[in-house]
Amino acid sequence: MGKGDTKQVYRLLYKANKVAVFGVALKNKSDGESYFLPKIGASNLAALPYEIILQDNKATMLHGKYRLALSWPELSMSTFMKIMSTPGDIEDTLKGLCE
């Protein structure tokens, strides 16, 4: 990790099930946590870091439009519009880690 302004926060390994979960800090100042958290608020900070789930050789993640909506349910539509590019930015960053 560390690719694309990220940092591994934690790693959970379940070798018997061939599963790993990686917590990833999004450190890029222009589209990472320091960009979107001031806009949506740090009230639900427990929703971070973002996670990649690796099962066998397949990586998955909960898409940002769902993850942010579930983790910050009090967001108004106008606030969500301020971070409209964030779900795609997160997806691009995490895909870059898996390449």
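Here, the structure is the one placed above.
Now for a quick tour of the structure. All figures in this text were calculated on a predicted structure; none of them were measured in a lab.

In this section: the pairing of strand β1 (residues 6–14). Bridge analysis of β1 against strand β2 (residues 19–26) gives eight bridges, and the strand direction is antiparallel. Among the inter-strand pairings, L12 is bridged to a residue of β2, identified as V21. In this structure, the hairpin formed by β1 and β2 is closed by a connection of four residues, where K18 is found at a positive phi of approximately 55°.

Let's shift gears to the sheet that holds strand β4 (residues 58–60). Sheet strands associate in pairs through backbone hydrogen bonding, adopting either a parallel or an antiparallel arrangement. A sheet is described by the order of its strands in space; here four strands give the open sequence β1-β2-β3-β4, paired in antiparallel fashion. Of all strands in the sheet, those with a lone pairing partner are β1 and β4, marking the two edges. Across the sheet, the mean angle separating the axes of adjacent strands is 20° when strand polarity is ignored. As paired elements, β2 and strand β3 (residues 50–55) share six bridges and run antiparallel to each other. Following the sheet pairing, V21 is matched in β3 by I53.

The next point concerns the nonpolar core. Within the largest apolar cluster, 19 residues are counted, with the highest numbers of intra-cluster contacts made by V24, L26, F36, I40, L68, W72 and L94. Counting residues per element, the ones that place at least two in this core are β2, α1 (33–40), β3 and α4 (86–98). Tallying contributions element by element places β2 first for this core, with four residues.

This part covers the side chain of R67. Structurally, the position occupied by R67 is in helix α2 (residues 64–71). E51 is the oppositely charged side chain nearest to the buried, salt-bridge-free R67, at an N-O distance of 4.2 Å. Of the polar contacts made by the side chain of R67, one reaches the backbone oxygen of A47; its length is 2.3 Å. Discounting residues that sit within four places of it in the chain, R67 has contacts with A47, L48, P49, Y50, E51 and L62.

What follows concerns the environment of E51. Mapped onto the secondary structure, E51 falls in strand β3. Between the C-alpha atoms of E51 and A69, which are 18 residues apart in sequence, the distance is 15 Å. Polar contacts involving the side chain of E51 include one to the side chain of Y10, which spans 2.3 Å.

Criteria and cut-off values
- Residues numbered from 1 in each chain as written.
- Predicted model: local features only at pLDDT ≥ 70, side-chain atom pairs only at ≥ 80, totals over all residues.
- Heavy atoms only, no water.
- Pairing = 2+ DSSP bridges.
- Helix = DSSP H or I, 4+ residues; strand = E, 2+ residues; numbered from the N terminus.
- Axes fitted to C-alpha atoms, helices over the stretch in contact; angles between N-to-C directions.
- Core = buried A, V, L, I, M, F, W, Y, C linked by side-chain atoms within 4.5 Å.
- Buried < 20%, exposed > 50% of the residue type's maximum accessible area, 1.4 Å probe, protein only.
- Lys, Arg positive; Asp, Glu negative; His and termini not counted.
- Salt bridge = Lys/Arg side-chain N within 4 Å of Asp/Glu carboxyl O.
- Polar contact = N/O pair within 3.5 Å; in protein donor to acceptor, adjacent residues only side chain to side chain.
- Contact = heavy atoms within 4.5 Å.

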